[in-house]
Amino acid sequence: VEAASVPGGERSILGRSPLARFPDRALKYGLTILAGLILVLIVYFFFRLVGEAKPAFAKFGVLGFTFDNDWNVNAEQFGALPLVVGTLITSGLALLIGVPVAVATAVYVTELSPRRVRGPITILIELLAAVPSVVYGLWGIFFLAPKLQPAEQWVADRLSFVPFIGGGIATIPNYFVTGLVLAIMILPIVSAISREVMATVPLDHKEAALGLGATRWEMIRIAVLPYCRSGIVGGAMLGLGRAIGETIAVTILIGDAPQLGGHLFGQGYSLAASIANEFGEAQGLHRSALFAAALVLFVLTLLVNGVARIFVLRAAKPGSSKPTGGAAQAADAADVAVGA
Amino acid sequence: MNAQTPSSEKLARFNVSPARQRRDRIARGTILAATVLALIPLLLIVYYLLSKGLSSWSPSFFTTDPTGNTFFKSSSIGGIKSAIFGTIEMVALASVISVPIGVGVAVWLVEYGKNSWFAQLVRFFIDVLTGVPSIVFGLFIYIVLIVGTGSSFAGYKGALALSLLMLPVVTRSAEVILLLVPGALRESALALGAPRWRVIVSIVLPTALPGMVTGVLLAVARAAGETAPLLFTAAAAKATSFNLGGFMNSLPVQIYSDVTSPTTAVVNRAWGAALTLVVMILLLNLIARLIARRSRLA
């Protein structure tokens, strides 16, 4: 055809002039730079945090800071073990209580419930994620903790021979109440991810189990749960990451006592709570120690979330008979739905 | 072909044994019980918020600042006007910052980055941001804008901390929605001779808009409820302020400082403020869900 080139020009008629190509280039490189800037920003923040934490690490050593059991602001002694242990105990409790309940709700909604209640239950559980953490703290300290205290004392008295659980005096703010409230707070995310992963179990597997004469529960046990194992583990780890980083509810509920709590119903401290509680008045080495605590917290959540992502991604490809990436996408969607 | 043909003995072989039946019933009962158990906290929280919060609601509760005297029973302790305005101002500024950046990065990931190593790296860092505890965001801003500049707390610094918190939520949700825009739509626009930027601006973004609004509203709802990033960035002035360069109050910080008070009236104000905050967040969630339902994509 004649019109293949513009008279007097090298350019094909289908090509664009450099001027017309400009907005395209600008958009492409502009957005690339934007994405790159985010990387730079995060790395910059990280190094600034390390810089601020350096005096504390220099004085006590990284391991000494993290594992020494001595957090004494007046004596300028900062060993964060009571904080680390408090964080781990409360978030461990949250997993112990929260994950079985969350998985049970997911099983109920996907496998057992009548169709009509499916939507409402899902929405009600997701509403738990909409409650701000300061409101959980307020509710926990004025309602839940005082109501539970007599029961906690009863358990502590009866189990006085069990180390860590029995013996001591149950205070109103304590590890157990903190763990319980954290369990409620992580319930929506663990439940949402488990539910989305369970929805990807192939119908064939379930029908095969039922066809071989399995009862409903046996079908859930042999067909649904093993298929979803890594997805559920991933969801639980994401919940653990949340629980570790949770600040305000924990600060209100844990008692803020800078010591290694002797028992389950005693007061303690956590990494995030120490920052929220002390940073306002902190100076010099104390402030640096709190930045160091933030760094330990940051690295801890990074590790937990990294492991969680690996498990959730692996959930995408355990079997051969399913569309690839289903579970990972489902987990992403769940993440977004509960405001991750 | 009558019902008596299979002997009772034969029938028994197809029946589930009583032990298995019992186990099935117990397991299903436990699962149902756990589900009911999971719903109880929400009921209790809503009940307590309503019963304690509504009694402190009054017209003056919303029109006065929390500057009142707490020592004399007769005097009013003041309401939460400055906290409501502070939350709205800071969350609005945080959205203005994080939404364009978040959507921009999501567009880049879906339209340009795709599965390149650089895009994977960006995704990884966004995931890292998702997991960062909210108080650490506050410390980031504190280090850079308060230690770094030697100045004091300010509303816009709080807003920046909140925008860091919102950024990964906005980006991830926008990316999920943009991926759902059918490739055929893009291809037909390109085939008609539209340049790439026109395809993105006139085809991809409008198609994805309702879904992205949902994600943004959920991010806003989350930012509105956050206390920790504001503690050491915006501090808490008691008086109503429209100056984002000065100290600024917010609902979560107001609640947090009221919780620790020994005065009953102040604690009651915390309940009233908590009810206000939860109602605001639930409204945002509700709107987000309604828009999501009307979206063609999700």
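Residues numbered from 1 in each chain as written. Chains lettered and ligands numbered in written order. Predicted model: local features only at pLDDT ≥ 70, side-chain atom pairs only at ≥ 80, totals over all residues. Heavy atoms only, no water.

Trainee: Give a detailed account of the interface of chain A and chain B, specifying residues and quantitative values.
Mentor: Taken residue by residue, the interface counts 78 residues in chain A and 80 residues in chain B. The tally of links from chain A across to chain B stands at 3 salt bridges. One salt bridge connects Glu218 of chain A with Arg20 of chain B, and the closest N-O pair in it is separated by 2.8 Å. (Contact = heavy atoms within 4.5 Å. Salt bridge = Lys/Arg side-chain N within 4 Å of Asp/Glu carboxyl O.)

Trainee: Which residues make up the environment of Ala183 of chain A, and what values do they have?
Mentor: All names here are of chain A. Counting through the fold element by element, Ala183 comes out in helix H6 (residues 175–198). It is 9.2 Å that separates the C-alpha atoms of Ala183 and Val101, two residues lying 82 residues apart in sequence. Those residues in contact with Ala183 that sit more than four places away from it in its chain are Ala94, Ile97 and Gly98. (Helix = DSSP H or I, 4+ residues; strand = E, 2+ residues; numbered from the N terminus.)

Trainee: How would you summarise the packing of helix H8 (residues 216–245) of chain A against helix H11 (residues 284–314) of chain A if you had to cite specific residues and measurements?
Mentor: All names here are of chain A. Contact pair H8 / H11: the axes reach a minimum separation of 7 Å and the direction vectors enclose 165°. The orientation of H8 with respect to H11, classified from their angle, is roughly antiparallel. H11 is crossed by H8, and the crossing has left-handed handedness. On the side of H8, the interface is formed by Ser230, Gly231, Val233, Gly234, Gly235, Met237, Leu238, Leu240, Gly241, Ile244 and Gly245, while H11 contributes Leu297, Leu300, Thr301, Val304, Asn305, Val307, Ala308, Arg309, Phe311, Val312 and Arg314. Looking at the contact of H8 with H11, its residues break down into 12 nonpolar, 8 polar and 2 charged. (Axes fitted to C-alpha atoms, helices over the stretch in contact; angles between N-to-C directions. Parallel < 35°, antiparallel > 145°, perpendicular 65-115°, else oblique. Left-handed = near helix turned anticlockwise from the far one by under 90°. Nonpolar A, V, L, I, M, F, W, Y, C, P; charged D, E, K, R; others polar.)

Trainee: Could you give an account of the pattern of salt bridges, with specific residues and numbers?
Mentor: Inspection of the entire model under this criterion finds 13 salt bridges over all chains. For Asp127 of chain B, the salt bridge identified is with Arg309 of chain A, shortest N-O distance 3.8 Å. Of this pair, Asp127 of chain B sits in helix H5 (residues 117–131) while Arg309 of chain A sits in helix H11, placing the two residues on different chains. For the salt bridge of Arg269 of chain B with Asp258 of chain B, the shortest nitrogen-to-oxygen distance reads 2.9 Å. Within this pair, whereas Arg269 of chain B is found in helix H12 (residues 264–294), its partner Asp258 of chain B is found in helix H11 (residues 251–259), the two being separated by 11 residues in sequence. A relative accessible area of 5% places Arg269 of chain B in the buried class. Through salt bridges that share partners, Arg309 of chain A together with Arg123, Asp127, Arg172 and Glu175 of chain B make up one connected network. (Buried < 20%, exposed > 50% of the residue type's maximum accessible area, 1.4 Å probe, protein only.)

Trainee: Describe the packing of aromatic side chains, listing the residues and the values that go with them.
Mentor: According to the stated counting rule, one finds 26 aromatic pairs over all chains in the structure shown. When the ring of Tyr44 of chain A is compared with that of Phe45 of chain A, the centres are 6.3 Å apart and the planes differ by 40°; the resulting orientation is tilted. For Tyr44 of chain A, a relative accessible area of 39% puts it in the partly exposed group. The class of Phe45 of chain A is buried, set by a relative accessible area of 7%. Aromatic side chains Trp71 of chain A and Phe78 of chain A sit 5.0 Å apart centroid to centroid with 70° between the ring planes, which places their arrangement in the edge-to-face category. Residue Trp71 of chain A is classed as buried on the basis of its relative accessible area of 4%. Judged by relative accessible area, Phe78 of chain A falls into the buried class, the value being 1%. Across the ring face of Phe279 of chain A, the terminal group of Arg287 of chain A is positioned such that the distance to the ring centre comes to 5.5 Å. Above the plane of the ring of Tyr112 of chain B lies Arg196 of chain B, whose end atom (NZ or CZ) is 5.8 Å from the centre. (Phe/Tyr/Trp six-rings, centres within 6.5 Å; stacked < 30°, edge-to-face > 60°. Lys NZ or Arg CZ within 6 Å of the ring centre and 35° of its normal.)

Trainee: Explain H8 of chain A to me, and be specific about the residues and the numbers.
Mentor: All names here are of chain A. Taking 1.5 Å per residue, 30 residues should reach 44 Å; H8 reaches only 38 Å between its end C-alpha atoms and comes up short. Largest kink in H8: about 60°, centred on Arg229. Of all 30 residues making up H8, 21 are buried, and the element is well covered by its neighbours. (Expected span 1.5 Å × (residues − 1). Bend = angle between axes of the 7 residues up to and from the residue.)

Trainee: Account for the pairing of strand E2 (residues 77–80) of chain A, naming residues and giving values.
Mentor: Across 4 bridges, strand E1 (residues 69–72) of chain A lies against E2 of chain A in antiparallel orientation. Counted as the bridge partner of Asn72 of chain A is Gln77 of chain A from E2 of chain A. (Pairing = 2+ DSSP bridges.)

Trainee: Give me a positive patch on the surface: which residues, what numbers.
Mentor: Together, Arg221 of chain A together with Arg22, Arg23 and Arg25 of chain B line one region of the surface with positive charge. Top element by residues in the positive patch is helix H2 (residues 18–56) of chain B. It accounts for 3 residues. Here Arg25 of chain B shows up in helix H2. (Patch = residues over 30% accessible without salt bridge, like charges linked within 9 Å, V, L, I, M, F, W, Y side chains within 5 Å. Areas by Shrake-Rupley, 256 points an atom, 1.4 Å probe, with all protein chains shown as cover. Lys, Arg positive; Asp, Glu negative; His and termini not counted. Charge placed at Lys NZ, Arg CZ, Asp CG, Glu CD.)

Trainee: I'd like a rundown of the confidence of the model for chain A, residues and numbers included.
Mentor: Taken residue by residue, chain A gives an average pLDDT of 86. The fraction at 70 or more is 89%. Here residues 318–326 of chain A scores under 50 on pLDDT; set against residues more than four positions off or in separate chains, the count is 10 contacts. (pLDDT = per-residue confidence, 0-100.)

Trainee: If you had to explain a nonpolar patch on the surface to someone new, which residues and values would you point to?
Mentor: Together, Tyr29, Ile33, Leu37 and Val40 of chain A give the surface a local cluster of nonpolar side chains, amounting to about 430 Å² of exposed area. Here Leu37 of chain A lies in helix H1 (residues 18–60).

Trainee: An account of the side chain of Glu278 of chain A is requested, with residue identities and associated values reported.
Mentor: Residue and element names in this part refer to chain A. Position of Glu278 among the secondary structure elements: in helix H10 (residues 271–278). With no salt bridge to any partner, buried Glu278 finds its closest opposite charge in Arg287, at an N-O distance of 11 Å. A distance of 3.2 Å separates polar atoms of two side chains, one belonging to Glu278 and the other to Trp71. Leave out the neighbours within four places in its chain, and Glu278 touches Trp71, Val73, Tyr269, His286 and Leu290. (Polar contact = N/O pair within 3.5 Å; in protein donor to acceptor, adjacent residues only side chain to side chain.)

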